[in-house]
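Chains, contacts and geometry: an overview
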Amino acid sequence: MSTQLFYSLSRLVFSRPAPALLIPGFAGKPVSIARFVSSVRVQSLSAFHHPSGRNQYEQKRRYGASNAASLSEQSRKPFNWGSNKKHRDVKLRLQLLENMTDPKIEAELAPLRESVKEQGDLVRKLKSEGAPEIDVKKAVNELKARKKILEDRELSLAPQVASFDRARMEDLLKRRFFYDQSFAIYGGITGQYDFGPMGCALKSNMINTWRQFFVLEEQMLEVDCSILTPEPVLKASGHVDRFADLMTKDVKNGECFRLDHLIKNHLEKLAAAKDATPELKEECTDIVIKLDGMTKDEMAAIMRKYAMKSPITGNELTEPIEFNLMFGTQIGPTGLVKGFLRPETAQGIFVNFKRLLEFNQGRLPFAAAQIGNSFRNEISPDPG
């Protein structure tokens, strides 16, 4: 299975060239979009800098006048968002999906899917009626639990051919240098990876496919903004004061733990114990649901109530500490201009909204997009 997946990735890496178009002025020969754009740019420049080029340019301009008129007429029509999604219903020709359509399997999964649908309808109803936030959170938590049961059952009923050894797959991708851990010869950094030649080609094709759909077909306005952001910008957006997670440290070895994850794991372990009472289970579940909206003092009280210690060493833990997730830096040699690496790619879109609106001739709605890196100093980096 890992070899088949590798060849699938290879087909995506070495994908087909850009679709060919019939462009007036190119003698009816199909040309790619990229070649057409570059050719038009070269011809436009040469037409005004070469004596004989002006006549050729005028002939080509008159030749395509009728098509240009029809295109301009179409452009006056109001744009219907989503109308260009020609490939919305793509049929996946996978043996796995065909096997999962077995009537016996469908009959077994039908009650679970109906249960998920009922809970989803309840969540939507609570939100539309403006129900209390705690009721919505409880309903969402129950929806996630039902989805997990359905996914686990689907995996258990899936044919053996559908499963593969993830460790072997990752080893194959690293040997073929799709990616590897950054700075591996110096021990590496958790959550940091480098793309190799195959990985870069795969990433490039994925970005091109994304841009073809969202930017060219959906007519989104693409921007590419600086990754360095001055402090006043992020101060105004609230990132400087509130873009932080609560953490706690082992008092002896200084190891850090993200507080909400620590509390959640500890309470789930208590609720799963054999001697746990129904009251304790209900109390733990209620705290986990409310955890996202809790303050620093409320989390500290929970730590003291359940006598939480380091899950690794069993040592005492410090009081909750706020940890800002942004990477700070100084702009310029004096160090007086404070800045940050952008914590999210959307920030550049927000600050350029006025310019984008002007570019779109003041018309709403419009959509904007950006591809790039954002930087967050996570307490517990994802190991991948």
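Structure shown above.
Keep in mind it's a predicted model, so treat the numbers as computed, not measured.

Parameters at a glance
Residues numbered from 1 in each chain as written. Predicted model: local features only at pLDDT ≥ 70, side-chain atom pairs only at ≥ 80, totals over all residues. Heavy atoms only, no water. Helix = DSSP H or I, 4+ residues; strand = E, 2+ residues; numbered from the N terminus. Core = buried A, V, L, I, M, F, W, Y, C linked by side-chain atoms within 4.5 Å. Buried < 20%, exposed > 50% of the residue type's maximum accessible area, 1.4 Å probe, protein only. Contact = heavy atoms within 4.5 Å. Salt bridge = Lys/Arg side-chain N within 4 Å of Asp/Glu carboxyl O. Expected span 1.5 Å × (residues − 1). Pairing = 2+ DSSP bridges. Phe/Tyr/Trp six-rings, centres within 6.5 Å; stacked < 30°, edge-to-face > 60°. Axes fitted to C-alpha atoms, helices over the stretch in contact; angles between N-to-C directions. Parallel < 35°, antiparallel > 145°, perpendicular 65-115°, else oblique. Left-handed = near helix turned anticlockwise from the far one by under 90°. Nonpolar A, V, L, I, M, F, W, Y, C, P; charged D, E, K, R; others polar. Polar contact = N/O pair within 3.5 Å; in protein donor to acceptor, adjacent residues only side chain to side chain.

Structural notes on unusual backbone geometry
- Cis geometry is adopted by the peptide bond preceding Pro365, which originates at Leu364 and carries an omega value of 0°.
- Mapped onto the elements of the fold, Pro365 is located in the loop between helix H16 (353–359) and strand S12 (368–369).
- Residues other than glycine seldom take positive phi values, yet Phe177 does so here, at roughly 55°.
- For Phe177, the position within the fold is in the loop between helix H8 (166–175) and strand S3 (179–181).

Considering the nonpolar core
- In this structure, Leu259, Ile263, Leu267, Met299, Ile302 and Met308 are the most contacted members of the largest nonpolar core, which totals 17 residues.
- If you list the elements that add at least two residues to this core, you get helix H12 (259–272), helix H13 (278–290) and helix H14 (296–305).
- Per-element tally for this core: the top contributor is H12, with five residues.
- Leaving out residues up to four positions away in the same chain, Leu267 has contacts with Cys284, Ile287, Val288, Tyr306 and Met308.
- Among the nonpolar cores identified, the runner-up in size contains ten residues, and Leu109, Leu126, Ala139 and Leu150 belong to it.

Some points on the pattern of salt bridges
- Applying the stated criterion to the full structure yields 21 salt bridges.
- Here Glu133 and Lys137 are joined by a salt bridge, their closest N and O atoms 3.5 Å apart. Taken together, the residues span about one helical turn, with Glu133 and Lys137 both in helix H7 (residues 133–157) at a distance of four residues.
- Lys137 gets classed as partly exposed once you look at its relative accessible area, which sits at 24%.
- A salt bridge links Glu358 to Arg355; the nearest nitrogen and oxygen atoms lie 3.8 Å apart. Of this pair, Glu358 and Arg355 both sit in helix H16, three residues apart, roughly one helical turn.
- Owing to a relative accessible area of 59%, Arg355 belongs among the exposed residues under this scheme.
- One salt-bridge network, in which partners are shared between bridges, spans Glu106, Arg113 and Glu154.

Observations regarding the environment of Gln330
- Position of Gln330 relative to the elements: it lies in strand S10 (residues 328–331).
- With 100 residues separating them along the chain, Gln330 and Pro230 place their C-alpha atoms 9.0 Å apart.
- Residue contacts for Gln330: discarding those within four places in its chain leaves Gly335 and Val337.

Examining H13
- Look at H13: 19 Å from first C-alpha to last across 13 residues, which is about the 18 Å you get at 1.5 Å a residue.
- Residues of H13 that are buried: Cys284, Ile287 and Ile289.
- Its buried side turned inward, H13 meets H7, H12 and H14.

Quick look at the pairing of strand S7 (residues 244–249)
- Relative to strand S9 (residues 321–324), S7 is paired through four bridges, and the arrangement is antiparallel. Its bridge partner lying in S9, Ala244 is registered against Asn324.
- Taking the residues that link successive antiparallel strands as the turn, the S7-strand S8 (residues 256–258) hairpin has six residues, and the phi of Gly254 there is positive, at about 75°.

Concerning the packing of aromatic side chains
- Scanning the model with the defined rule gives four aromatic pairs in all.
- Relative to Phe214, the ring of Phe213 has its centre 4.9 Å away and its plane inclined at 85°; by these criteria the two rings are edge-to-face.
- A residue is classified by how much of its surface remains accessible, and Phe213, at 26% relative accessible area, is partly exposed.
- The class of Phe214 is partly exposed, set by a relative accessible area of 27%.
- Taking the centre distance of 5.5 Å and the plane angle of 25° together, the rings of Phe353 and Phe366 count as stacked. Separated by 13 residues along the polypeptide, Phe353 in helix H16 and Phe366 in the loop between H16 and S12 bring together distant segments of the chain.

Describing the sheet that holds strand S11 (residues 337–341)
- Taken together, three strands build an open sheet; the order of strands is S6-S11-S10 and the sheet is antiparallel. The outermost strands of the open sheet, each flanked by one partner alone, are strand S6 (228–230) and S10. Between one strand axis and the next, the sheet turns by 45° as a mean value, whatever way the strands run.
- Where S6 meets S11, three bridges bridge the pair, whose relative direction is antiparallel. Among the inter-strand pairings, Leu228 is bridged to a residue of S11, identified as Leu341.

Considering the environment of Lys249
- Summarising the element assignment, Lys249 is placed in strand S7.
- Taking the C-alpha atoms as reference, Lys249 lies 9.4 Å from Leu259; in sequence the two are ten residues apart.
- In contact with Lys249, not counting residues within four places along its chain, are Gly254, Glu255, Cys256, Glu316, Leu317, Thr318 and Ile321.

A few points about the packing of helix H6 (residues 103–128) against H7
- Between H6 and H7, the least distance of the axes is 9 Å, while the angle of their chain directions is 165°. Looking at the two axes, H6 sits roughly antiparallel to H7. In this structure, the crossing between H6 and H7 has a hand that is left-handed.
- Partitioning the contact of H6 with H7 into residue classes produces 13 nonpolar, three polar and nine charged.

Focus: the side chain of Ser310
- Along the chain, the position of Ser310 falls in the loop between H14 and S9.
- Within the structure, the side chain of Ser310 is placed 3.5 Å from the side chain of Asp250, a separation counted as a polar contact.
- For Ser310, the residues in contact, after removing those within four places along its chain, are Asp250, Phe257, Asn315 and Leu317.

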